[in-house]
Amino acid sequence: MKLLFFGPQGSGKGTQAVVISQKLNIPHISVGDLLRGTTGVLKIELDSYMNQGKLVPDELTIKILKERLLNNDCKKGFILDGFPRNLNQLEMLKNITAIDKAIEITLTDDESIKRISGRVTCEKCKAGYNELTSPKPQEPGVCDVCEGKLIRRSDDNPEAVKKRLHTYHQDTEPILNSFKEKLIKINGIQPIEKITQEILEKLKKK
Ligand code: AMP
């Protein structure tokens, strides 16, 4: 099954994409992580966009993603998280592969900004926490799993988040209309487990 996950920053789409990929046994590809993990000469160019909350140019993004989708683990399907973000990227994706379903997790801007301002990640093991919502680390700034230092992403400051939300509403939301009956819409203000259950149920039904 080839799935796309949509939702504003902080909607929990990344968390859900990981859980659903485990349940369905298909790889989870976070395009943000893919770009952040790119090394070599490209890194400086990518960072110059990402640190300001700007989208990386479409051609560069699709080139990196296309390589990833050629991996053997994508043969039985995949979950794309954070791609496509605009109509141009959707067209580029359609030229590479056919998508089965799109999942949209909804959230208001206020809730999104609140959630992102608390988001921290372990420097060592990459476990994710939220200092304002959940899961909260037992000790502020310290990872429950490995005692590593919890750090904030450089683009998780309020200004960059506002810019990313604006881009989401302007460029990403319009592409959701094109999925029509393939679109599964879920309210993001619910417990994580409830959202997972709803996604799995709707995937079975449709
Ligand atoms: P995310 O981890 O999804 O919040 O993405 C972080 C940053 O990665 C974004 O602000 C962009 O700079 C870049 N990025 C992620 N996905 C894309 C995409 N589909 N197209 C272009 N840039 C992207």
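Structure first, text after, so check above.
Described below are features of the structure shown in this document.

Conventions and cut-offs
- Residues numbered from 1 in each chain as written.
- Predicted model: local features only at pLDDT ≥ 70, side-chain atom pairs only at ≥ 80, totals over all residues.
- Heavy atoms only, no water.
- Near = heavy atom within 4 Å.
- Polar contact = N/O pair within 3.5 Å; in protein donor to acceptor, adjacent residues only side chain to side chain.
- Areas by Shrake-Rupley, 256 points an atom, 1.4 Å probe, with all protein chains shown as cover.
- Helix = DSSP H or I, 4+ residues; strand = E, 2+ residues; numbered from the N terminus.
- Contact = heavy atoms within 4.5 Å.
- Pairing = 2+ DSSP bridges.
- Axes fitted to C-alpha atoms, helices over the stretch in contact; angles between N-to-C directions.

**Thoughts on the site of the ligand**
Alright, step 1. Lining the immediate environment of the ligand, one finds 16 residues, of which Arg-36, Lys-54, Gly-82, Arg-85 and Gln-89 sit closest.
Alright, step 2. Between the ligand and the protein, one listed contact pairs a nitrogen atom with a backbone N or O atom of Val-56 at 3.0 Å.
Alright, step 3. In this structure, a nitrogen atom belonging to the ligand sits 2.8 Å away from a side-chain N or O atom of Gln-89.
Alright, step 4. Protein contacts shield 96% of the accessible area of the ligand, which totals 480 Å² for the unbound molecule.

**Describing the side chain of Gln-89**
Alright, step 1. Along the polypeptide, Gln-89 turns up in helix 5 (residues 87–94).
Alright, step 2. A polar atom in the side chain of Gln-89 sits 2.9 Å from the side chain of Asp-58.
Alright, step 3. Apart from residues lying up to four places away in sequence, Gln-89 is in contact with Asp-58, Thr-61, Phe-83 and Pro-84.

**Considering the sheet that holds strand 4 (residues 101–106)**
Alright, step 1. Pairing within the open sheet is parallel, and its five strands lie in the order 2-3-1-4-8. A strand with exactly one partner marks an edge of an open sheet, and here the two such strands are strand 2 (28–30) and strand 8 (183–187). Adjacent strand axes in the sheet meet at a mean angle of 20 degrees, parallel and antiparallel pairs treated alike.
Alright, step 2. Bridge count for strand 1 (residues 2–6) against strand 3 (residues 78–81) is four bridges, and the pairing is parallel. Counterpart to Leu-3 in the pairing with strand 3 is Ile-79.
Alright, step 3. Packed on one face of the sheet, helix 1 (residues 13–24) meets strand 1, strand 2, strand 3 and strand 4 and runs near 160 degrees to strand 1.

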